[in-house]
Amino acid sequence: MKVIIFDMDGTLINSAKAIYYTINTLRRNIGLKENLKEDFIIKTINDPKKDMIFEFYGVRNVTKEQKYEFEREFIKNYKLHAKLYDGLFEILQKCRDEGYFIAVASNAPEISLREILKINGVLEFFDLIVGVDKNMPPKPDPAMLFKVLEISGAKLNEAIFLGDSKKDEIAAIKAKMPYIQATWGFGQKSEISQNAKTPGDAWKIIQKM
């Protein structure tokens with residue numbers, strides 16, 4: 001069984017504006033008037049050393065109501081601002097044609113992922129969608145990758161993870177899974193992994209791996 005695992009934000013979906021508007025709307029709702037810059041938000045999200053909740057909202061924990069509000073605002077802004085990166089539909093089609101088991105492993109709330117992928121017209125490609133919930137920790141914990149292997153029945157050397165952040169890369173390293181760093185979205189060039197400047201480059205690397 002051949003498996004390809006995609007991160008979502010910054011890899012499949014250009015969601016920078018959606019994330020920017022969501023976080024700054026919630027900041028205003030709790031009385032923080034100053035907008036955070038988009039670049040700062042994206043760098044913070046992708047940095048495994050940062051406490052995102054504290055960096056964005058000045059607190060260590062959020063309530064269930066605030067989590068629900070985030071998910072609602074998140075989906076609303078995705079409908080307005082997020083879109084599939086050019087070339088990704090074609091890559092997903094090639095993966096399907098080649099018989100890959102196709103999965104998403106995202107740090108977005110699992111409850112929101114299906115809606116987001118459906119909005120962008122690619123939900124039908126995915127055999128498995130894994131996001132964060134009370135039983136699934138976020139990357140860089142490799143639990144999501146192990147779940148994909150468990151459900152697909154694949155071995156480590158039969159799976160490839162395509163992501164864009166240090167969190168993605170660390171998760172792959174912990175899982176001992178082959179990894180490709182996408183640099184067409186949020187991602188910076190990796191010094192230790194194979195890099196793909198375009199989805200077409202990623203497909204060439206996938207075929208060789």
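Everything that follows concerns the structure shown earlier in this document.
A quick note: this is a predicted structure, and the numbers were derived from the prediction, not measured. (Residues numbered from 1 in each chain as written. Predicted model: local features only at pLDDT ≥ 70, side-chain atom pairs only at ≥ 80, totals over all residues. Heavy atoms only, no water.)

J.: Can you help me understand the pattern of salt bridges in this one?
T.: Side chains that differ in charge, positive against negative, can pair when their charged atoms come close. Across all of its chains, the model carries nine salt bridges by this definition. Between Lys17 and Glu38 there is a salt bridge, and its shortest N-O distance comes to 3.2 Å. Here Lys17, found in helix H1 (residues 16-29), pairs with Glu38, found in helix H2 (residues 38-46); they are 21 residues apart in sequence, far enough to count as distant. Residue classification places Glu38 among the partly exposed positions, given a relative accessible area of 27%. Among the salt bridges present, the one from Glu73 reaches Lys76, with a minimum N-O distance of 2.9 Å. In this pair, Glu73 and Lys76 both sit in helix H4 (residues 64-81), three residues apart, roughly one turn of the helix. (Salt bridge = Lys/Arg side-chain N within 4 Å of Asp/Glu carboxyl O. Helix = DSSP H or I, 4+ residues; strand = E, 2+ residues; numbered from the N terminus. Buried < 20%, exposed > 50% of the residue type's maximum accessible area, 1.4 Å probe, protein only.)

J.: How do you make sense of the environment of Ala16 when you look at a structure like this?
T.: Relative to the helices and strands, Ala16 is located in helix H1. Along the chain, Ala16 and Asp39 lie 23 residues apart, while their C-alpha atoms are 8.7 Å from each other. Excluding residues within four positions of it along the chain, Ala16 makes contact with Glu38, Ile42 and Phe186. (Contact = heavy atoms within 4.5 Å.)

J.: I tried to follow the nonpolar core on my own but got confused; where do I start?
T.: Where a protein is soluble and globular, its nonpolar side chains tend to be buried together. Formed by 47 residues in total, the largest nonpolar core has its most connected members in Phe6, Met8, Leu12 and Phe126. Of the residues forming this core, the biggest block, six residues, is contributed by H1. Those residues within four positions of Leu12 in sequence are excluded, and the remaining contacts are Phe6, Asp7, Lys83, Leu84, Tyr85, Leu88, Leu92, Val104, Leu117 and Phe126. Ile5, Leu128, Met144 and Val148 belong to the second-largest nonpolar core, a separate cluster that totals 20 residues. (Core = buried A, V, L, I, M, F, W, Y, C linked by side-chain atoms within 4.5 Å.)

J.: Quick question: what am I supposed to make of the side chain of Asn24 here?
T.: If you trace the backbone, Asn24 turns up in helix H1. Judged by its relative accessible area of 2%, Asn24 falls in the buried class. Side-chain polar atoms of Asn24 contact the backbone nitrogen of Leu36, separated by 2.7 Å. (Polar contact = N/O pair within 3.5 Å; in protein donor to acceptor, adjacent residues only side chain to side chain.)

Fair warning: the whole summary comes from geometry, so function is off the table for now.
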